[in-house]
Amino acid sequence: METLTPDKNNHPPRTGEYALASGAAAVERLFVLHSIYSPAGRRLLLQAGLKPGMHVADFGCGVGAVTRMIGEMVGPTGSVTGVDVSAEQTQQASVICKQAGLRNVKFHTADACDTGLPRHSFDLVYCRFLLLHLPDPAACLREMHDLKDRMAAEGRARVTRGSGRLARIAAAIIGFPRAAENVPVRVDFKLQNGRERWTRTFAGCTFHSTQEQGRGRDAWLLCERFGPVKVAMALVLDGSRLRLIVRRWSVFGIPLPVWLAPRGNSYEYSENGRFHFHVETAHPFTGLIVGYRGWLVPRDCASQGSVPSTSP
Ligand SMILES: C[S@@+](CC[C@H](N)C(=O)[O-])C[C@H]1O[C@@H](n2cnc3c(N)ncnc32)[C@H](O)[C@@H]1O
């Protein structure tokens, strides 16, 4: 078995040998696991918006237990592509799905971190019991993310605005929405030149920012840009909340002291199957500029009506 030793830059190698049995020898074990985990898996997929007609990728598909389930859920107008690094697994999975009479399933033998599949070609990308086997799970998550078509989420929000003159000018320049209770909100995510463009629409008022992984001095931080303003934030786990804490910032590429940075009590969390956000943007000179809090679910769930329309 290959030993996973760090390379000279201290990065773990991206490939490691899968330690468990593959092919026919794996069928019984993986189907026992499937009988235990499939009800929760099915619920999760429905919650994520899986519906008939969708095109789905199942990463680390093994002998095809999940692939088969997804193939049945998306029906003949949809499709599922099972991806596994082991040809033994994909061959076995292909036999099992054929026996189940599925014609909307295909298999692709490739490393889940670099599949070679066309970018933005799937409505949903899923994996079960794969990441724990990978030396570099983040690379796999990036690949999963890149295969997904553009994403959108919808929900409701409450918007508050600062009343100071400078706060109103700053909000107008960026295009922040007006104060309102329980307004519809939609966020569209689109990958553009290695950055994710977030388009937020609150009751018809739209503003944009881009987000990207920080590099160099911003390594390990999430960088968000509003026009010429770049804010680098640490993502800090605080109980069940993920806090966004400003560590650095710059305007037109010129770094500025952090005590002058935009700030606010901003965090995200999950509750009742929904993503909740609580975002405040304030500045020492202006006080609160804008605050918005509410919830979002994947667009397909919202349009299916599977999530009740309650206030934020
Ligand atoms: C525990 S099995 C899970 C199979 C399936 N997802 C399920 O839940 O029944 C993990 C699978 O990941 C596959 N795997 C391991 N490393 C991989 C990699 N780098 N790329 C793609 N698949 C990989 C293995 O071959 C194995 O089939």
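Treat the numbers as computed from the prediction; the structure is a model and nothing was measured.

1. Examining the domain arrangement of the protein
Domain boundaries assigned for the protein yield domain 1 (24-147) and domain 2 (151-304). Computed over C-alpha atoms only, the centres of domain 1 and domain 2 are separated by 33 Å.

2. A word on the environment of serine 240
Looking at the secondary structure, you find serine 240 in the loop between strand E10 (229-238) and strand E11 (241-251). In this structure serine 240 comes out as exposed when scored by C-beta crowding, with 9 C-beta atoms within 10 Å. A sequence separation of 179 residues divides serine 240 from cysteine 61, and the C-alpha atoms of the two residues are 30 Å apart.

3. What about the nonpolar core?
In terms of nonpolar packing, the biggest core is built from 33 residues, with Val56, Ala57, Phe59, Ala112, Leu124, Val125 and Cys140 touching the most fellow members. Those elements giving two or more residues to this core turn out to be helix H1 (24-47), strand E1 (55-59), helix H2 (65-74), strand E2 (79-84), helix H3 (87-99), strand E3 (105-109), strand E4 (124-127) and helix H4 (137-147). Beyond its immediate stretch of four places on either side in the chain, valine 125 contacts Ala57, Phe59, Met144, Leu147 and Lys148. Ala167, Val185, Val290 and Tyr292 belong to the second-largest nonpolar core, a separate cluster that totals 16 residues.

4. A look at the pairing of strand E15 (residues 287-298)
Here strand E5 (residues 151-161) runs beside E15; their pairing, made up of nine bridges, is antiparallel. Bridge assignment links alanine 153 to a residue of E15, and that residue is proline 298. Taking the residues that link successive antiparallel strands as the turn, the strand E14 (residues 274-283)-E15 hairpin has three residues.

5. Some thoughts on the environment of leucine 132
As for its position among the elements, leucine 132 is in the loop between E4 and H4. Residues leucine 132 and alanine 157, spaced 25 residues apart in sequence, show a C-alpha to C-alpha distance of 36 Å.

6. Considering the site of the ligand
In the vicinity of the ligand lie 21 residues, with Gly60, Gly62, Val85, Ala112 and Arg128 positioned nearest. At the level of secondary structure, the elements contributing two or more residues to the shell around the ligand comprise H1 and H2. Here the shell around the ligand takes three residues from H1, the largest share from any one element. Broken down by class, the residue content of the shell around the ligand amounts to eleven nonpolar, seven polar and three charged.

7. As for the pairing of E3
Looking at chain direction, E2 and E3 are connected through five bridges and run parallel. Residue pairing across strands places aspartate 84 opposite threonine 109, the latter belonging to E3. In this view, the connection linking E2 to its parallel neighbour E3 by way of H3 has right-handed handedness.

8. Brief notes about the packing of H1 against H2
Between two packed helices, the angle of one axis relative to the other and the distance separating the axes together describe the packing. Interhelical geometry of H1 versus H2 gives an angle of 40° and a closest axis separation of 10 Å. With respect to H2, the axis of H1 lies oblique. The handedness of the crossing between H1 and H2 comes out as right-handed. Across the interface between the two elements, Leu30, Phe31, His34, Ser38, Gly41, Arg42 and Leu45 of H1 pack against Ala65, Val66, Met69, Ile70 and Met73 of H2.

9. As for the sheet that holds E2
A sheet is described by the order of its strands in space; here four strands give the open sequence E3-E2-E1-E4, paired in parallel fashion. The outermost strands of the open sheet, each flanked by one partner alone, are E3 and E4. Between one strand axis and the next, the sheet turns by 20° as a mean value, whatever way the strands run. Relative to E3, H3 is tilted by about 175°, and along the sheet it contacts E2 and E3.

10. Considerations on the packing of H2 against H3
With their axes 9 Å apart at the nearest point, H2 and H3 run at an angle of 35° to one another. Taken as a pair, H2 and H3 cross one another with a handedness that is right-handed. In this structure, H2 contributes Thr67, Arg68 and Gly71 to the contact, and H3 contributes Ala93, Ile96 and Cys97. By residue class, the composition of the contact of H2 with H3 is three nonpolar, two polar and one charged.

11. So, unusual backbone geometry
With a phi close to 50°, histidine 120 is a non-glycine residue in the positive phi region. In this structure, histidine 120 sits in the loop between E3 and E4. Despite not being glycine, phenylalanine 129 has its phi angle at roughly 55°, a positive value. With respect to the element layout, phenylalanine 129 can be found in the loop between E4 and H4.

Here is what the cut-offs are and how they apply
Residues numbered from 1 in each chain as written. Predicted model: local features only at pLDDT ≥ 70, side-chain atom pairs only at ≥ 80, totals over all residues. Domains from an automatic or database assignment. Helix = DSSP H or I, 4+ residues; strand = E, 2+ residues; numbered from the N terminus. Buried ≥ 20, exposed ≤ 12 C-beta atoms within 10 Å, placed from the backbone. Core = buried A, V, L, I, M, F, W, Y, C linked by C-beta atoms within 7 Å. Contact = placed C-beta atoms within 7 Å. Pairing = 2+ DSSP bridges. Near = placed C-beta within 6 Å. Nonpolar A, V, L, I, M, F, W, Y, C, P; charged D, E, K, R; others polar. Right-handed = clockwise from strand over helix to strand, strands pointing away. Axes fitted to C-alpha atoms, helices over the stretch in contact; angles between N-to-C directions. Parallel < 35°, antiparallel > 145°, perpendicular 65-115°, else oblique. Left-handed = near helix turned anticlockwise from the far one by under 90°.

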